[in-house]
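Survey of secondary and tertiary structure
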Amino acid sequence: MRIAICDDQREVRELFEERIRRLYPEAELLLFSSGEQLLDSEKAPDILLLDIQMPGKNGMDTARELRKKNKNTILIFVTALEEFVFQAFDVGAFHYLVKPFHEKKFAEVLMRAAAQSEENKKREAVNSKKEKPGLVITTKGRHITVDFDEIIFAEVFDRKVILHLLDSDIEYYGKMKELQEQAGDEFFRPHRAYLVNFNYIRKYDAATIELEKGQALMAKQNYREFVRRYLRFVQKKGKGQEKNNQ
């Protein structure tokens, strides 16, 4: 297990290092004094303890950059600032520790993060052995297979379904309902004309969903269920955020 500590104060890094060593003496520890240093590292941590108030690139901006290349790191914010707790959710934080806190609380959160990390690895190993069936469609006289993981979102226009992929768009004659049934739990239909992939959501409100490429509309009557499903998806991915008041 690889655990990283990113804090501009050396005494804090040393304190966390000591506490982690007591719990996980065999863990590989990475110590960073700035967000820039962390982002330049080629080693991806399984768990990251990240301060928010740092010179240069602050912890929240660092987390956003980190998520672009690594969505699996379990992120724990350790800060004296409570006001960033809601932004922490946007970058998939596992927990939000507010200084000062007891060593017992630190150990509890870290142990839960380690357990979640192991669970994620086991799930990834199982999933990698399974061949996920793709979406078979006919477009421009050709039969092609599209990986669901590459679909950012889909929309209906003029009796056609348009698939917005990572590097292209594909359209075909089909029904959104049939696509929705095949897509699985990582997709949600917030509006009759749209189907979105939870993995590519950047932010949302009661009217629109902003994705890594493009936007989808949100029907008012679907918003509550969307939030419930999305929160459950985030938690299953090991990225549920919590706030600590101790």
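Before reading on, note that the structure itself is shown above.
These notes cover the structure that comes with them. Since this is a predicted model, take the numbers as computed values, not measurements.

1. A closer look at the sheet that holds strand β2 (residues 28-32)
Reading across the sheet, the 5 strands line up as β2-β1-β3-β4-β5 and stay open at both edges, with parallel pairing between neighbours. Only two strands of the sheet have a single partner each, and these edge strands are β2 and β5 (93-98). Strand-to-strand twist across the sheet, computed as the mean angle between neighbouring axes with direction ignored, equals 15 degrees. Summarising the sheet, strand β4 (residues 74-79) and β5 pair through 5 bridges and their orientation is parallel. Of the residues in β5, the one forming a bridge with Phe77 is Tyr96. Taken strand by strand, helix α1 (residues 10-23) contacts β1 (2-6), β2, β3 (47-50) and β4, and its axis lies near 170 degrees from that of β2. Where helix α3 (residues 59-69) meets the sheet, it contacts β3 and β4, and its direction lies at approximately 175 degrees from that of β4.

2. A word on the environment of Arg202
Take Arg202: it is sitting in strand β13 (residues 201-204). It is 16 Å that separates the C-alpha atoms of Arg202 and Thr62, two residues lying 140 residues apart in sequence. Look past the residues within four positions of Arg202 in its chain and what remains in contact with it is Glu210, Leu211 and Glu212.

3. Brief notes about the pairing of β1
With 4 of its 5 residues buried, β1 lies for the most part within the structure. With 5 bridges connecting them, β1 and β2 associate as parallel partners. Paired with Cys6 across the two strands is Phe32, which belongs to β2. With respect to chirality, the unit in which β1 leads through α1 into the neighbouring parallel β2 is right-handed. Pairing of β1 with β3 involves 4 bridges; the strand directions are parallel. Bridged to Ile5 within β3 is Leu49.

4. Thoughts on the environment of Leu211
Tracing the chain through its elements places Leu211 in strand β14 (residues 208-211). When the C-alpha atoms of Leu211 and Phe153 are compared, they prove to be 8.1 Å apart, with 58 residues separating the residues in sequence. Dropping the residues within four chain positions of it, Leu211 is found in contact with Ile152, Phe153, Val196, Asn197, Tyr200, Ile201, Arg202 and Ala216.

Analysis parameters
Residues numbered from 1 in each chain as written. Predicted model: local features only at pLDDT ≥ 70, side-chain atom pairs only at ≥ 80, totals over all residues. Heavy atoms only, no water. Pairing = 2+ DSSP bridges. Helix = DSSP H or I, 4+ residues; strand = E, 2+ residues; numbered from the N terminus. Axes fitted to C-alpha atoms, helices over the stretch in contact; angles between N-to-C directions. Contact = heavy atoms within 4.5 Å. Buried < 20%, exposed > 50% of the residue type's maximum accessible area, 1.4 Å probe, protein only. Right-handed = clockwise from strand over helix to strand, strands pointing away.

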